[in-house]
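# A look at the structure
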Amino acid sequence: MTTKEEIREYLREVHHPAKDDRDIVELGMVQDIETEGDTVCVTLGFPKGRDPLKKYILGATRATLIRHMGAKVNAEVREVELPSQETEKKGTELTKETLLSVKHIIGVASGKGGVGKSTVAVNLAVALARLGYRVGLADADVYGPSIPLMTGTEGARPEAEEINGKDYIIPIEKYGVKWISIGYFAEKGQALVWRGPMASNALKQLVLQVNWGPLDYLLIDMPPGTGDIHISLVQDIGIEGAVLVTTPQDVALADVEKGANMFRNENIAKPIFGLVENMAWFTPEEHPDEKYYIFGRDGGLRMASGLGIPLLGRIPLVQSIRENGDEGTPAALSSRPDGVAFVELASSLVSAIESWQTNV
């Protein structure tokens, strides 16, 4: 049987990024540890409304318990409110106040994983910045955050700042884009074992408690599928519309149609600004004029036509996109054909949004 002292040592792996990266045991946040059979309950203390990373700390604590004690353990993490000497200050409420200076909030979505949605989202953000727009990107894929790796910002730790008595997270800035991701708050390789509601709450906090400042475009890199997180993004954050990403093969196209139907559901009813066909063809780097349609040809064009939405762009499959993503230097920074394709995609998206606004 695992002792309480052993559990306390496990919890030293949970660090608070906004508290000089000290662990929750050192900070005195662990108020109680209870064990009974296969159940472990840890109670953490938080000052009233004073911690913008509360949901992350709770989720990371549960993930740490499961990682050390196994998935069979019933890991519970509770919170209690600690008395605060700063009684005159009000805590941050999860409102859309921080998004008032954001002109457009656009979701980048796909019906399934493996189609390069995050690659498209990162490069689209960089391309928009290259066109002169003020851009931010929130990594909403809480189970598999990849933005830190793809932007070369692994190891970065966003700080928190107080504005008018409220706490906000400061996003990481690089390549002219403001980035935020749950990956900045997790240890490298740490799996985030969260149930749906906890993940949705963490994501809501991750977007709404960020000091974005004035932005023309805030892109939300959404997780694959059509679940609770997507509904939370639309209803609680207020996504204006979506861009769908697919590859040409039939299995990906079928899932994209499900994603389109989700946004068109009467309870969501958000416009789809267009479709991006990723990996449209393969081009060898040594033969840039050659095209090999290894995943099928014109699948995205047919899907866009069938859905009645624009085909915003077709991104080739070239080795440099993968290499740049692994190295943290997005392909959209380059003047190669792949970089040009992303800039053209960004321009098409801007035109599609303007056209939609004109026709509303």
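Our subject is the structure listed above.
Now for a description of the structure that goes with this document. (Residues numbered from 1 in each chain as written. Predicted model: local features only at pLDDT ≥ 70, side-chain atom pairs only at ≥ 80, totals over all residues. Heavy atoms only, no water.)

### What about the pattern of salt bridges?
- Under the counting rule described, the total for this entry stands at 10 salt bridges.
- Taking the shortest distance from any N to any O, the salt bridge between Glu9 and Arg12 comes out at 3.2 Å.
- Asp216 is paired through a salt bridge with Arg134; the nearest N and O atoms lie 3.2 Å apart. With Asp216 in strand β12 (residues 215–221) and Arg134 in the loop between α3 (117–130) and β7 (135–139), this residue pair connects regions lying 82 residues apart in the sequence.
- The exposure class assigned to Asp216 is buried, which follows from its relative accessible area of 10%.
- In this structure Arg134 comes out as partly exposed when scored by relative accessible area, which is 39%.
- Each member of the salt-bridge network shares a partner with another, and the members are Glu9, Arg12 and Asp23. (Salt bridge = Lys/Arg side-chain N within 4 Å of Asp/Glu carboxyl O. Helix = DSSP H or I, 4+ residues; strand = E, 2+ residues; numbered from the N terminus. Buried < 20%, exposed > 50% of the residue type's maximum accessible area, 1.4 Å probe, protein only.)

### A look at the side chain of Thr61
- Along the chain, the position of Thr61 falls in helix α2 (residues 54–69).
- On the basis of relative accessible area, Thr61 is assigned to the buried category, the value being 0%.
- The residues touching Thr61, leaving out its near neighbours within four places in the chain, are Leu11, Val14, Ile24, Val42, Leu44 and Val77. (Contact = heavy atoms within 4.5 Å.)

### Some points on the sheet that holds strand β4 (residues 39–47)
- Spatially, the 3 strands line up as an open sheet ordered β3-β4-β5, and their pairing is mixed. Edge strands, defined here as strands with exactly one partner in the open sheet, are β3 (30–36) and β5 (74–82). Strand-to-strand twist of the sheet, defined as the mean angle between neighbouring strand axes without regard to direction, takes the value 15 degrees.
- Relative to β4, β3 runs antiparallel, the two being bridged by 6 bridges. Counterpart to Ile33 in the pairing with β4 is Val42.
- Along the sheet, α2 contacts β4 and β5; its crossing angle with β5, the most-contacted strand, is approximately 150 degrees. (Pairing = 2+ DSSP bridges. Axes fitted to C-alpha atoms, helices over the stretch in contact; angles between N-to-C directions.)

### Concerning unusual backbone geometry
- At Tyr175, a residue that is not glycine, the phi angle is positive and equals roughly 60 degrees.
- Its place among the elements puts Tyr175 in the loop between β10 (172–174) and β11 (177–181).
- Overall, the relative accessible area of 24% leaves Tyr175 in the partly exposed class.

### Considerations on a nonpolar patch on the surface
- On the surface, a cluster of nonpolar side chains totalling about 280 Å² of accessible area is made up of Phe282, Tyr292 and Ile294.
- With respect to the helices, strands and loops of the structure, Tyr292 is situated in the loop between β14 (272–282) and α8 (299–307).
- With relative accessibility at 40%, the residue Tyr292 sits in the partly exposed group. (Patch = residues over 30% accessible without salt bridge, like charges linked within 9 Å, V, L, I, M, F, W, Y side chains within 5 Å. Areas by Shrake-Rupley, 256 points an atom, 1.4 Å probe, with all protein chains shown as cover.)

### Re the sheet that holds β12
- Ordered by their spatial adjacency, 8 strands build an open sheet running β10-β11-β7-β12-β6-β13-β14-β15, and the pairing between neighbours is mixed. On the outer flanks of this sheet lie β10 and β15 (311–317), each paired with one strand and no other. Going across the sheet, the axis of each strand differs from the next one's by a mean of 25 degrees, ignoring polarity.
- In this sheet, β11 lies alongside β7 in parallel orientation, the contact comprising 5 bridges.

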